[in-house]
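Report on the structure
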2 protein chains.
Amino acid sequence: MNQINRVAIVGGTHGNEFTGAYLIQKFAQFPDLITRQSFETVTLLANPNAFAAGRRYVEKDLNRCFLKQDLQDPTLRSYEELQAKSIQNTLASNRDKQADFILDLHSSTANMGLTIILVNSHPLNLRLAAYLSQINPLVKVYRCSFKSIEENPFVNSLCELGFAIEVGPIAQGLLKAKLFQQTEELVYAVLDYLERFNQGGIPSTKETLILYDHLSVVDYPKKPDGTIFGMIHPELQDKDYQALNPGDPIFITLDNKIIFYEGASTVWPIFINEAAYYEKGIAMCFTQRQQINI
Amino acid sequence: MNQINRVAIVGGTHGNEFTGAYLIQKFAQFPDLITRQSFETVTLLANPNAFAAGRRYVEKDLNRCFLKQDLQDPTLRSYEELQAKSIQNTLASNRDKQADFILDLHSSTANMGLTIILVNSHPLNLRLAAYLSQINPLVKVYRCSFKSIEENPFVNSLCELGFAIEVGPIAQGLLKAKLFQQTEELVYAVLDYLERFNQGGIPSTKETLILYDHLSVVDYPKKPDGTIFGMIHPELQDKDYQALNPGDPIFITLDNKIIFYEGASTVWPIFINEAAYYEKGIAMCFTQRQQINI
């Protein structure tokens, strides 16, 4: 594999996810923290208008604007669609300036710990994920694969190497010092790993990795008019990455009826009660836990 | 004191505080739950446009729009200013239809438990607050007094009886079943108390009440350009209603410098790290804890 010449750290892709946005501001103020000898590190506050407004987005979810066909569509001109094209220009269009690795910093109201969101199975991404989960037990690895790169609408579709980091639980629009520091340490661990990769001295990792592979999404109980009529059951709240077995409670309706998980096999839910997913009709994502050899 | 003829339960005054907004929807669907023999109960979703958008407000914080002079100012025509006038019309203008007691349901990202926010010291409000804190240890009583009713910008300024309930911690834009149910029980306890008040059978309460009286607000550490440069110190996070003593850590800057509380005397901080207060320049409110006789 080729040398990594340029690493991009992206934050504020969602304007109300302050952990990443303020880390970007910190790194911009103290660039030595992210400077490494063998590559250049750049930072990007991806959605400055949404960050200024304290909202996820202004017109459209920026992290759903990176489908290749949308980036090439000149008729798409919402703020975020234009922003996506500008980010593509900055990070992916110019061979001399393109990022070889993109780290996109997100946060979640769900108990996601420090989640690495893989959008492909590139060996370096897998090895780095295995390394990070080895040095910090809070690190979990979620893989959300796409049939082809063309179907990936995330910032991370711009570059084969890299991933998003999804930290939580944290409410939107605020900073929690402990999670801020844990996320910061994870960024440094990524940069240090890439530095050693360039120098040919990748630390040895265990040869297995626990992966949570995306299976499906589950919506809230709803009334015929589409309004939500149920909540995450208290026993499931904050139980991201824990086994959910057939017959376990999953929702409780507003009038106190329990809804049970009726699937045929165990699943591992994540993104349980993510505030930003209410409008997307997602109460949680089911994943399949598996151990892979790398 | 006169009979209470009409109780208004208000929710969704802030559109991203779902606990109250969905309780209003539940009560509207199951009115028997809030029906009591001796008074009429009405419900109001106070800011429907903000609720639909999943935002605190559309143009202006509705719960700062109830200054008497603003309600009388015909030039104020933002969505929330008009909404405030409409709510005043519904709940306070018509003697035959006016609410005698207003309960305004809020939620906070801070660890507020089940907080009663008194805006005056009416004996019935104090006695009811004492009763509620007696039956549920999660209930705390915060008093935010105004020099005159004219200076109170909250929904609760429309009526001498009643208060806001501020529950947390909960992120904006989502429901947590346990807190939803605790808030619901508290609403029923209020209604049951008012029913017994009307019937002349107020339950006896202890004669003292722990009150947290508002002292001052504290802003985040900021850079000269006004941007936030510090976070709540991890040791203070979620420590609402606990004593903060001179010399205790209060903030940690983005570059890891600890800022200590340098006041002369102990205070009891609340609203620690409330997301909605970042834009207001409020990192927490200091209160003075006192026990009063009622």
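Given the structure is predicted, the values throughout are model-derived calculations rather than measurements. (Residues numbered from 1 in each chain as written. Chains lettered and ligands numbered in written order. Predicted model: local features only at pLDDT ≥ 70, side-chain atom pairs only at ≥ 80, totals over all residues. Heavy atoms only, no water.)

**Re the overall build of chain A**
Looking only at helices and strands, chain A has six helices and twelve strands in total. Compactness check: chain A gives a C-alpha radius of gyration of 19 Å against a globular reference of 19 Å for 294 residues, within 12% of the reference. In terms of principal-axis extent, the alpha carbons of chain A reach across some 60 × 45 × 40 Å. Within chain A, the proportion of its 294 residues that are buried is 59%. Of all intrachain contacts in chain A linking residues separated by at least 6 positions in sequence, the fraction that spans at least 24 positions is 73%. With the model as given, the accessible surface of chain A reaches about 11900 Å², and the carbon-plus-sulfur share is 48%. Averaging the coordinates of the 26 positive side-chain charges in chain A and doing the same for the 32 negative ones gives two points 1 Å apart. (Helix = DSSP H or I, 4+ residues; strand = E, 2+ residues; numbered from the N terminus. Rg over C-alpha atoms; globule rule 2.2 N^0.38 Å. Buried < 20%, exposed > 50% of the residue type's maximum accessible area, 1.4 Å probe, protein only. Contact = heavy atoms within 4.5 Å. Areas by Shrake-Rupley, 256 points an atom, 1.4 Å probe, with all protein chains shown as cover. Lys, Arg positive; Asp, Glu negative; His and termini not counted. Charge placed at Lys NZ, Arg CZ, Asp CG, Glu CD.)

**Re the domain arrangement of chain A**
Residue and element names in this part refer to chain A. As assigned here, chain A comprises domain 1 (6-206) and domain 2 (210-293). In this structure, domain 1 and domain 2 have C-alpha centres spaced 25 Å apart. Between domain 1 and domain 2, the contact holds 21 residues from the first and 22 residues from the second. Summing both partners gives a buried area of about 1700 Å² for domain 1 against domain 2, and 50% of it is carried by carbon and sulfur. Ranking the residues of domain 1 by area buried against domain 2 places Asn111, Tyr142 and Arg143 at the top, with a combined share of 33%. (Domains from an automatic or database assignment. Buried area = accessible area lost by both parts, 1.4 Å probe.)

**As for the sheet that holds strand 9 (residues 249-253) of chain B**
Backbone-to-backbone hydrogen bonds pair the strands of a sheet. The strands run either parallel or antiparallel. All names here are of chain B. Overall, antiparallel pairing links the three strands, which are arranged 8-9-10 in an open sheet. The open sheet is flanked by strand 8 (230-232) and strand 10 (258-260), the only strands paired with a single partner. Strand-to-strand twist of the sheet, defined as the mean angle between neighbouring strand axes without regard to direction, takes the value 35°. As judged from the three bridges shared by strand 9 and strand 10, these two strands associate in the antiparallel manner. Looking across to strand 10, one finds that Phe251 is bridged to Ile259. (Pairing = 2+ DSSP bridges. Axes fitted to C-alpha atoms, helices over the stretch in contact; angles between N-to-C directions.)

**Describing the UniProt feature "domain: AstE/AspA barrel-sandwich hybrid" (unreviewed entry) in chain A**
Taking the numbering used here, the UniProt-annotated feature "domain: AstE/AspA barrel-sandwich hybrid" (unreviewed entry) corresponds to residues 208-288 of chain A. Secondary structure content for residues 208-288 of chain A is 0% helix and 37% strand, and the end C-alpha separation is 16 Å. (UniProt positions renumbered as here; feature names shortened; annotations may be inferred.)

**Some words on the relation of the copies chain B and chain A**
When chain B is fitted onto chain A, the two copies agree to an RMSD of 0.0 Å after a turn of 180° and an axial shift of 0.0 Å. The symmetry that links the two subunits is that of a two-fold axis. For chain B, the residue whose C-alpha comes nearest the rotation axis is Ala171 of chain B, separated from it by 2.2 Å. Comparing interface residues between copies, 100% of those in chain B also lie at the interface in chain A; the contact surface is shared. (Least-squares fit on C-alpha atoms with pLDDT ≥ 70 in both.)

**Side note on the state of the cysteines**
For the structure on display, the rule yields zero disulfides over all chains. With no disulfide of its own, Cys65 of chain A lies 16 Å from the sulfur of Cys144 of chain A, the closest cysteine sulfur. (Disulfide = S-S within 2.5 Å.)

**Remarks on the UniProt feature "binding site: Zn(2+)" (unreviewed entry) in chain A**
All names here are of chain A. Within the UniProt annotation, "binding site: Zn(2+)" (unreviewed entry) is assigned to His14, Glu17 and His106. Spatial clustering of the annotated residues is evident: they stretch over 93 residues in sequence, but the largest pairwise C-alpha distance comes to 7.3 Å. As for its placement among the helices and strands, His14 is situated in the loop between strand 1 (6-11) and helix 1 (18-29). Judged by relative accessible area, His14 falls into the buried class, the value being 3%. In this view, His14 contacts Arg55, Arg56, Asp61, Asn63 and His106; residues no more than four positions away in its chain are not counted. With respect to the helices, strands and loops of the structure, His106 is situated in strand 3 (residues 101-107). On the basis of relative accessibility, which here comes to 3%, the residue His106 falls in the buried class. Dropping the residues within four chain positions of it, His106 is found in contact with Thr13, His14, Glu17, Asn63, Ala164, Ile165, Glu166 and Val167.

**A word on the side chain of Asp100 of chain A**
Residue and element names in this part refer to chain A. With respect to the element layout, Asp100 can be found in the loop between helix 4 (79-93) and strand 3. Here Asp100 is buried and forms no salt bridge, its nearest opposite-charge partner Arg6 lying at an N-O distance of 7.4 Å. Not counting residues up to four positions away in its chain, the partners in contact with Asp100 are Gln3, Ile4, Asn5, Arg6, Cys159 and Leu161. (Salt bridge = Lys/Arg side-chain N within 4 Å of Asp/Glu carboxyl O.)

**Some words on the packing of helix 1 of chain A against helix 6 (residues 177-198) of chain A**
Residues and elements named next belong to chain A. Close contact between helix 1 and helix 6 brings their axes to 10 Å; oriented N to C, the two are set at 60°. The pairing of helix 1 with helix 6 is recorded here as oblique in orientation. Crossing handedness for the pair helix 1 and helix 6: right-handed. Packed against helix 1, whose contacting residues are Thr19, Tyr22, Leu23, Lys26 and Phe27, the element helix 6 presents Leu179, Phe180, Thr183, Glu184, Val187 and Tyr188 at the interface. Grouping the amino acids of the contact of helix 1 with helix 6 by side-chain chemistry returns seven nonpolar, two polar and two charged. (Parallel < 35°, antiparallel > 145°, perpendicular 65-115°, else oblique. Left-handed = near helix turned anticlockwise from the far one by under 90°. Nonpolar A, V, L, I, M, F, W, Y, C, P; charged D, E, K, R; others polar.)

**Let's talk about the packing of aromatic side chains**
A full pass over the atoms with the stated rule returns 30 aromatic pairs over all chains. A centroid spacing of 4.6 Å and a plane angle of 35° characterise the contact between Tyr220 of chain A and Tyr278 of chain A, whose relative ring orientation is tilted. Taken as a pair, Tyr220 of chain A in the loop between strand 7 (208-218) and strand 8 (230-232) and Tyr278 of chain A in the loop between strand 11 (268-270) and strand 12 (284-293) lie far apart in primary sequence, 58 residues in all. Tyr278 of chain A matches Tyr220 of chain A in its accessibility class, with the two residues each being buried. Geometrically, the ring pair formed by Tyr131 of chain B and Tyr193 of chain B is tilted, given 5.1 Å between the ring centres and 40° between the ring planes. You can see Tyr131 of chain B sitting in helix 5 (residues 123-135) and its partner Tyr193 of chain B sitting in helix 6 (residues 177-198), a full 62 residues away along the chain. In terms of burial, Tyr131 of chain B and Tyr193 of chain B fall into one category: buried. (Phe/Tyr/Trp six-rings, centres within 6.5 Å; stacked < 30°, edge-to-face > 60°.)

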